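What follows is the residue order along each chain.
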Amino acid sequence: MFSVYFAMLKSAVSYLVCGRQLPAWDLRLQVYSSGFRQYTRMLFPVMSDDDIDSIDFGEIHDTLQANQMPPSKVPPEIGLHRELQITVADVSIDRDSIRGIGVIERPLLSLIDSEERDFQSSGESRRIAYDLITPWSACEQVGIGLDTTTKTAMEPSPLNPDERVILYLHGGSYVLGNPVAYREPVGYLAHYTLLRTFVIDYRLAPRHPCPAQLHDALIAFNFLIRQGFTPQNIVLSGDSAGGHLCLDLMLLLRHAGGGLHKFAGL
């Protein structure tokens, strides 16, 4: 504990000689803060650059994925779900709509460019899996009978020109979660809102660091626009990390300025 007391003494001398470390700090707060920082260094030694470089983030990712959230089902009395995929190469993003957004601009443009290079070199496009959850209540609202629901309401296209839908971004601290785990709770959300809901399986950290998740959310939004949904009729919803991702996506869309259609290259 000697190092803790020494850090506190050093901080007190610094306060008297050089002044406050932060404008709002008094002597007591500055001294205690220094002592606490030193104590945490003793409990959790600072890793060297070599130690950080040796971390196998891929192994961490695989371990997290092996311990995923338990699967769930849409209650049959509420509605149906269908597993579908977005072909990323079919969804274009206008780079000019992203420029000037700030710190996220360069990594986001890098992801977009990397995606295009991979497609041009291999001819194969990455796909984003998603669930389409359709509640019976939504079918009744648009006058679709149960016998034709699977032929119409389970397709990712508007049931009418003014249909509103939910783009749902799941939680899980950006390292866990998928549409399968969210089928029951999102099924109830769709049921009570009377809206069909799209739940995307966006990429997860640590194998896919930020802004891969935002990139996938933007692709999903553009995909819905290309399917015929209007931007004002796409409701963003999410929980925990997904709620944060919704805010990120909204700020990105707002950056488009004149119109959200610019993101889809329309």
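Trainee: I'm lost on a negative patch on the surface in this one. Help?
Mentor: A contiguous patch of negative charge, built from Asp49, Asp50, Asp51 and Asp53, is present on the exposed surface. Within the element layout of this structure, Asp50 appears in helix 3 (residues 49-53). Classification of Asp50 as exposed rests on a relative accessible area of 60%.

Trainee: Just checking my understanding: could you explain the nonpolar core for this structure?
Mentor: Note on soluble globular proteins: their nonpolar side chains tend to be buried together. Ile86, Tyr130, Leu167, Phe198, Ile200 and Leu249 are the most contacted members of the largest nonpolar core, which totals 36 residues. Those elements that place two or more of their residues in this core are strand 1 (79-87), helix 5 (105-122), strand 2 (127-135), strand 3 (165-169), strand 4 (196-200), helix 9 (212-227) and helix 10 (241-254). Take this core: its biggest share by element is nine residues, from helix 9. The residues contacting Ile86, other than those within four sequence positions of it, are Val91, Arg126, Arg127, Ile128, Tyr130, Ile219, Ala220 and Phe223.

Trainee: Would you take a moment to explain the environment of Gln232 for this structure?
Mentor: Here Gln232 is to be found in the loop between helix 9 and strand 5 (234-238). For the pair Gln232 and Asp162, spaced 70 residues apart in sequence, the C-alpha to C-alpha distance is 9.6 Å.

Trainee: Would you explain empty space enclosed by the protein in this entry?
Mentor: Any empty space left between atoms is shown by rolling a water-sized probe over those atoms. Following the criterion strictly, the structure yields one cavity of 30 Å³ or more and no others. What the largest cavity holds in volume is close to 30 Å³. At the level of elements, strand 4 and helix 9 are the ones that each hand at least two residues to the lining of the largest cavity. Tallying contributions element by element places helix 9 first for the lining of the largest cavity, with three residues. Partitioned by chemical class, the residues of the lining of the largest cavity number eight nonpolar, no polar and no charged.

Trainee: Even after reading the chapter, I still don't get the sheet that holds strand 4, so can you show me in this structure?
Mentor: Strand pairing within a sheet occurs via backbone hydrogen bonds; the two strands may be parallel or antiparallel. The strand order across the open sheet built from five strands is 1-2-4-3-5, with neighbouring strands paired in mixed fashion. The strands lining the two open edges of the sheet, one partner per strand, are strand 1 and strand 5. Recorded for the sheet is a direction-independent mean angle of 25° between the axes of neighbouring strands. Across five bridges, the pairing between strand 3 and strand 5 is parallel. Paired with Val165 across the bridge in strand 5 is Ile234.

Trainee: Just to check I follow, could you spell out the packing of helix 9 against helix 10 for this structure?
Mentor: Two packed helices can be described by the angle between their axes and the distance between those axes. Interhelical geometry of helix 9 versus helix 10 gives an angle of 65° and a closest axis separation of 10 Å. Here the hand of the crossing between helix 9 and helix 10 comes out right-handed. Note on element contacts: helix 10 touches helix 9 through Leu245, Asp248, Leu249, Leu252 and Leu253, opposite Gln213, Leu214, Ala217, Leu218 and Phe221. For the contact of helix 9 with helix 10, the residue count by class is eight nonpolar, one polar and one charged.

Trainee: Can you walk me through unusual backbone geometry in this structure?
Mentor: Cis rather than trans, the peptide bond between Ala205 and Pro206 has omega equal to 5°. Counting through the fold element by element, Pro206 comes out in the loop between strand 4 and helix 9. With an omega of 10°, the peptide bond running from Cys210 to Pro211 counts as cis. Residues other than glycine seldom take positive phi values, yet Leu194 does so here, at roughly 65°. Structurally, Leu194 can be placed in the loop between helix 8 (183-193) and strand 4. Here Leu194 falls in the partly exposed class, since its relative accessible area comes to 35%.

Cut-off values and rules
Residues numbered from 1 in each chain as written. Predicted model: local features only at pLDDT ≥ 70, side-chain atom pairs only at ≥ 80, totals over all residues. Heavy atoms only, no water. Patch = residues over 30% accessible without salt bridge, like charges linked within 9 Å, V, L, I, M, F, W, Y side chains within 5 Å. Areas by Shrake-Rupley, 256 points an atom, 1.4 Å probe, with all protein chains shown as cover. Salt bridge = Lys/Arg side-chain N within 4 Å of Asp/Glu carboxyl O. Lys, Arg positive; Asp, Glu negative; His and termini not counted. Charge placed at Lys NZ, Arg CZ, Asp CG, Glu CD. Helix = DSSP H or I, 4+ residues; strand = E, 2+ residues; numbered from the N terminus. Buried < 20%, exposed > 50% of the residue type's maximum accessible area, 1.4 Å probe, protein only. Core = buried A, V, L, I, M, F, W, Y, C linked by side-chain atoms within 4.5 Å. Contact = heavy atoms within 4.5 Å. 1 Å grid on protein atoms, 1.4 Å probe; cavity = no way out; pocket = protein on both sides within 12 Å on 5 of 7 lines; lining within 4 Å. Points joined across faces, edges and corners; volume = space filled by probe spheres on them. Nonpolar A, V, L, I, M, F, W, Y, C, P; charged D, E, K, R; others polar. Pairing = 2+ DSSP bridges. Axes fitted to C-alpha atoms, helices over the stretch in contact; angles between N-to-C directions. Left-handed = near helix turned anticlockwise from the far one by under 90°.

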